[in-house]
Amino acid sequence: MLAAGLAAFATGFPVALGVRCLLDPLRRKRRAPELFVRIANLSALPADGAPRRFPVLSERVNVWTKTRGVPVGAVFLRRLGEASVEAFNVVCPHAGCVVQVAAEGGGYLCPCHNSAFGLDGRIADPGSPSPRGLDALATELRHGEEVWVKFQNFRTGVRDQIPI
Amino acid sequence: MSWWRGLFCEAIPGGAGWRRTWSAVLLFTFFLQAITGFFLLTHYSGSTQTAWESVYYLQYHVSGGWLLRGIHAVTAQAMVLLLALHLMQVAIQRAYLAPRQLNFLLLLVLLPLALALSVTGWLLPFDQKGYWSARVPLNLLGMVPAIGPALQTVLMGGTEVSHYTLTRFVALHTVLLPLCLGLGLVAYHRLTRRPAVDASAPPATPAAAWCPDQLLRDAVASVAVLVAVLFVVLWPRWTGGGEGGPTLLAPADATEPYGAARPEWFMLWLFQLLKFFPGGTEVWGAVGVPAVVLAVLAAMPWVGRWRLGRRFNTAFALGLGGGMLALTLIAVSRDRRDPQFQAAVREADLTAERAKALSGGPDGIPPTGALTLLERDPLTQGPRLFARHCASCHRYDGHDGLGGLPADAPSASDLKSFGSRAWLRRLLDPVEVDGPKHFGGTRFSEGRMVRFVKRGVAEFTEEQQAQLEKVIAAVSAEAELPGQRALDDRDQAAIETGRQLIRTEDMRCTECHQFRQPDEDASAPDLTGYGSRAWLFEFISNPSHPRFYGRRNDRMPAYGANEVLDAASIGLLTDWLREAWYQPTSGP
């Protein structure tokens with residue numbers, strides 16, 4: 001009985017310790033949601049409302065390496081009016097591929113599973129596997145000219161927009 | 001030696017047979033992977049900045065490294081295929097019936113284990129294909145209700161793919177999963193020696209000693225598998241169809257779309273199946289369908305107790321195999337007919353070639369990894385930037401830089417070989433000057449330059465034509481194009497004459513352009529340093545600068561002044577247009 005207990009402890013302890021380390025990412029506090037990032041100037045957007053893709057430059061933390069001013073993602077920006085801009089995350093809400101501006105214009109298309117989105121980000125083709133439209137991001141115009149976007153990634157494959 | 005005899009030389013009821021080689025062959029494919037895997041691991045470094053780099057080095061700089069990697073990857077696919085075929089065979093021949101139901105259940109555990117080994121292996125080279133084909137199962141995992149997100153975080157070592165994703169995948173791929181699979185296969189090998197269907201009935205054939213009768217058969221079958229694997233690895237090399245073995249695409253880049261993302265061929269059926277599930281429900285397809293299939297398979301030994309049940313089992317096994325095959329064929333044929341997919345494959349291959357060429361270049365791979373090489377490479381980034389920012393008006397050799405054809409007709413010049421003699425000669429051609437490759441689509445289509453070329457140049461005498469040729473050489477020499485250096489050096493005298501001619505009244509250039517002397521009244525782009533790196537960089541930054549078009553600028557945005565592009569991107573675009581990029585002297 002004692003031998004069994006000692007053996008259980010002798011194997012159980014290192015296993016438990018290892019599993020605890022393995023589960024460390026779960027205990028790690030998520031970084032505070034990224035604040036607004038400056039993306040581009042309003043004049044960089046075509047007046048006809050055609051979408052343009054811009055990288056989001058911010059700080060990227062990759063476990064032990066940290067780099068500043070590198071692309072952490074990308075957004076589509078589209079001018080809606082004189083002083084109004086719409087922003088979408090380029091990540092497809094379906095399986096996380098990168099959506100492209102459709103070749104014929106007039107919308108977006110994901111090359112992986114052919115999810116089609118309209119210019120307004122809504123699902124354009126009912127056959128699209130994406131559970132929701134493109135993820136719209138909050139935008140702000142500062143000093144009348146600078147486009148700032150609240151950059152966030154969302155969980156893919158679910159109907160609701162859940163930030164990660 | 002008794003354990004040795006026990007393992008190898010015991011009598012096998014029912015005698016030796018080729019059908020009994022299955023378990024030995026499966027064990028052999030496992031050991032082949034274990035051996036090659038160990039040596040692969042001695043060359044591997046698992047972090048996002050070193051994984052691709054270490055695999056690249058193994059593949060192209062370590063003697064025999066490509067073969068090691070090829071055998072490992074192809075054997076992995078062979079093992080999955082053999083396991084699936086064996087499962088089919090057992091199901092159809094009803095070898096799942098008691099007392100062998102345990103063998104059958106073990107087989108059902110081994111197949112998912114082998115698949116998990118494959119999936120964890122895809123990511124390790126950390127190239128575009130591996131990254132994107134591992135990304136999708138990881139995302140699907142995150143969709144599993146309740147435990148999905150936590151499981152995904154633990155597996156990835158965080159909420160996104162990072163160094164820890166690789167270290168964790170390496171640990172799973174090289175220790176935990178092979179341990180389970182190896183033990184399972186040994187157990188399966190032991191179990192399959194149990195007597196066939198009915199132990200009480202007298203065996204049809206007398207028992208044979210495992211050694212040498214069965215051993216010889218096992219050895220022959222194993223060597224046949226090895227030869228087949230080698231054939232698959234080496235065939236493309238012999239026929240000149242490629243490198244052979246697994247490819248290595250460009251380093252993984254989470255921000256660069258990879259339109260050719262597909263799982264390995266034996267998972268294509270699931271990929272195609274998921275397309276039939278509407279948004280938000282594919283977790284049922286990805287987890288539910290395989291779970292139901294496994295459950296039905298696991299119930300076979302019990303369902304098979306009835307005659308009707310046995311028929312059902314056979315029909316199910318055949319239907320399953322047929323369905324998978326059909327789905328795979330649909331996926332393949334759709335991709336074949338999809339021009340966008342084909343274009344994505346071509347682009348991925350080109351980027352891969354470039355990444356390898358740069359890695360083998362004089363500067364080698366920097367400590368930040370090979371992705372940095374691509375990010376700073378004009379040949380890689382130029383076309384992407386051009387397609388994204390310039391191709392709505394301009395063209396590059398008739399296309400959008402990446403080979404695509406925009407729907408609208410071009411409304412500005414074609415910039416392929418901009419500043420070269422050929423480009424300038426075409427600009428000064430009375431037919432071409434207001435054509436689609438130059439001023440045709442612009443507000444300058446009836447401007448002074450077009451008028452000068454259509455009327456003035458058209459009536460040039462032969463002597464003036466010869467002078468114009470020297471002017472063209474002189475203006476083109478201003479660009480100092482790397483591709484034209486030899487030509488410029490050869491024609492130094494003519495270029496010097498040309499420089500004098502630019503200012504003559506005959507040639508009329510300085511009526512509008514300034515050349516090497518400040519001219520406040522100049523109304524057209526400066527010819528000083530025309531097409532040089534500094535000139536083009538500043539032009540793209542701000543074409544409305546008085547030195548260029550000033551207030552006459554048509555529609556071209558000020559990419560620098562308006563911060564559409566940063567200085568690094570404008571530099572890349574400039575270098576690409578000037579064809580100033582590293583060119584390897586030979587392949588990687």
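Computed from a predicted model, the values in this text were never measured in an experiment.

Chemist: Could you give me a rundown of the overall build of chain B, with the residues and numbers involved?
Modeler: Counting secondary structure elements, chain B contains 23 helices and two strands. Along the first, second and third principal axes, the C-alpha atoms of chain B reach 115 × 50 × 40 Å. For chain B, with 588 residues in total, the buried portion stands at 49%. Across chain B, every contact between residues at least 6 apart in sequence was considered, and the portion connecting residues at least 24 apart equals 67%. Of the roughly 28100 Å² that chain B leaves accessible, carbon and sulfur atoms contribute 62%. Counting 53 positive and 51 negative side-chain charges, chain B places the centres of these two groups 14 Å from one another.

Chemist: Please give an account of the pattern of salt bridges that cites residues and values.
Modeler: Residues and elements named next belong to chain B. Summed over all chains, the structure comprises 23 salt bridges over all chains. Between Asp-377 and Arg-354 there is a salt bridge, with the nearest N and O atoms lying 2.7 Å from each other. Here Asp-377, found in the loop between α15 (370–375) and α16 (378–389), pairs with Arg-354, found in helix α14 (residues 339–359); they are 23 residues apart in sequence, far enough to count as distant. Between Glu-469 and Arg-425 there is a salt bridge, with the nearest N and O atoms lying 2.8 Å from each other.

Chemist: Which residues make up unusual backbone geometry, and what values go with them?
Modeler: For Val63(A), which is not glycine, the phi torsion reads 50 degrees and is therefore positive. Turning to its location among the elements, Val63(A) is positioned in the loop between β2 (52–62) and β3 (65–81). For Phe126(B), which is not glycine, the phi dihedral falls at a positive 55 degrees. Here Phe126(B) lies in the loop between α5 (101–123) and α6 (128–143).

Chemist: Pulling in residues and values, what's your account of the interface of chain B and chain A?
Modeler: Listed by partner, the interface residues are 40 residues for chain B and 40 residues for chain A. Roughly 3500 Å² is buried in total at the junction of chain B and chain A, and carbon and sulfur atoms are behind 56% of that figure. If you look at where chain B meets chain A, you find zero salt bridges. Between the two partners, chain B and chain A, sit four residue pairs in polar contact (both at pLDDT 80 or more). When grouped by side-chain class, the residues that make up the side of chain B that touches chain A number 13 nonpolar, 20 polar and seven charged.

Chemist: Can you lay out the environment of Phe548(B) for me, pointing to particular residues and giving the numbers?
Modeler: Residue and element names in this part refer to chain B. Tracing the backbone through its elements, the reader meets Phe-548 in the loop between α22 (533–541) and α23 (567–577). A relative accessible area of 1% means that Phe-548 is categorised as buried. C-alpha separation for the pair Phe-548 and Ser-445, spaced 103 residues apart in sequence, amounts to 17 Å. Ignoring anything within four residues of it in the chain, the contact list for Phe-548 reads Ser-523, Ala-524, Pro-525, Trp-535, Glu-538, Phe-539, Asn-542 and Pro-543.

Chemist: So, the domain arrangement of chain A: which residues are in play, and what are the values?
Modeler: Taken domain by domain, chain A consists of domain 1 (1–32) and domain 2 (34–149). One C-alpha centre belongs to domain 1 of chain A, the other to domain 2 of chain A; they are set 42 Å apart.

Chemist: Could you give an account of the nonpolar core, naming the residues involved and the relevant values?
Modeler: Counting residues in hydrophobic clusters, the biggest one holds 66 residues, and the most contacted among them are Ile39(A), Phe54(A), Val75(A), Leu77(A) and Phe386(B). In this structure, Phe386(B) is in contact with Ala391(B), His394(B), Arg395(B), Tyr396(B), His399(B), Asp400(B), Gly401(B), Leu415(B), Leu573(B), Trp576(B) and Leu577(B), ignoring residues within four places of it in sequence. Core analysis: the next-biggest nonpolar cluster, separate from the first, contains 50 residues, Val25(B), Met79(B), Leu83(B) and Leu108(B) among them.

Chemist: Quick rundown of the pairing of β2(A)? Include the residues and the values.
Modeler: Residue and element names in this part refer to chain A. In this structure, β2 lies alongside β3, joined through ten bridges in antiparallel fashion. In the strand pairing of β3, Leu-57 is matched with Pro-71. Counting the residues between successive antiparallel strands, the hairpin from β2 to β3 contains two residues, one of them, Val-63, with a positive phi of roughly 50 degrees.

Chemist: Pulling in residues and values, what's your account of the packing of helix α11 (residues 282–298) of chain B against helix α13 (residues 307–336) of chain B?
Modeler: Residue and element names in this part refer to chain B. At their nearest, the axes of α11 and α13 sit 11 Å apart, and the two run at 145 degrees to each other. Judged by the twist between their axes, the crossing of α11 over α13 is left-handed. Taken together, the residues of α13 that come into contact with α11 (itself represented by Val-293, Val-296 and Leu-297) are Phe-312, Phe-316 and Leu-320. Across the contact of α11 with α13, the residue classes break down as six nonpolar, no polar and no charged.

Cut-offs and rules
- Counting starts from 1 at the beginning of each chain's written sequence and moves along it residue by residue.
- Here chains are named by letter from A upward and ligands by number from 1 upward, in the order in which they appear as written.
- Given that the model is predicted, a residue must reach a pLDDT of at least 70 before its local features are reported, and side-chain atom pairs must reach 80 or more before they are shown or counted; all residues, however, enter totals for whole chains, interfaces and linings.
- The basis for every side-chain value is the complete set of non-hydrogen atoms in the structure, without hydrogens or water.
- Only DSSP runs of H or I covering at least 4 residues are called helices, and only runs of E covering at least 2 are called strands; the numbering of each starts at the N terminus.
- The rule is simple: take the accessible area with a 1.4 Å probe, protein chains only, and divide by the maximum for that residue type; under 20% is buried, over 50% is exposed, in between is partly exposed.
- Only heavy atoms matter for contacts: two residues are in contact if any of them lie within 4.5 Å across the pair.
- Per-residue accessibility takes into account occlusion by the displayed protein chains alone, with areas from the Shrake-Rupley method and a 1.4 Å probe.
- Positive: Lys, Arg. Negative: Asp, Glu. His and the chain ends are not part of the count.
- One atom stands in for each charge, and that atom is NZ of Lys, CZ of Arg, CG of Asp or CD of Glu.
- Each salt bridge in this description consists of a side-chain nitrogen of Lys or Arg and a carboxyl oxygen of Asp or Glu lying within 4 Å of one another.
- Accessible surface is computed with a 1.4 Å probe, and the buried area is the amount of it that two parts give up when combined, taken over both parts together.
- By the criterion applied in these results, polar contacts are pairs of N or O atoms within 3.5 Å in which, for protein atoms, one can donate a hydrogen and the other can accept it, and in which residues neighboring in sequence qualify only through two side-chain atoms.
- Under the convention adopted here, Pro, Cys and the residues Ala, Val, Leu, Ile, Met, Phe, Trp and Tyr are nonpolar, Asp, Glu, Lys and Arg are charged, and Gly plus all remaining residues are polar.
- These domain limits were set by an automatic method or by a database of domain assignments.
- By convention a nonpolar core is built from buried Ala, Val, Leu, Ile, Met, Phe, Trp, Tyr and Cys residues, the set being connected through side-chain atoms within 4.5 Å.
- Here the rule is simple: two strands pair whenever DSSP picks up at least two bridges between them.
- Axes here mean lines fitted to C-alpha atoms, for a helix over just the part in contact, with angles spanning 0 to 180 degrees between N-to-C directions.
- Rotating anticlockwise by less than a right angle from the far helix to the near helix defines a left-handed crossing, while the corresponding clockwise rotation defines a right-handed one.

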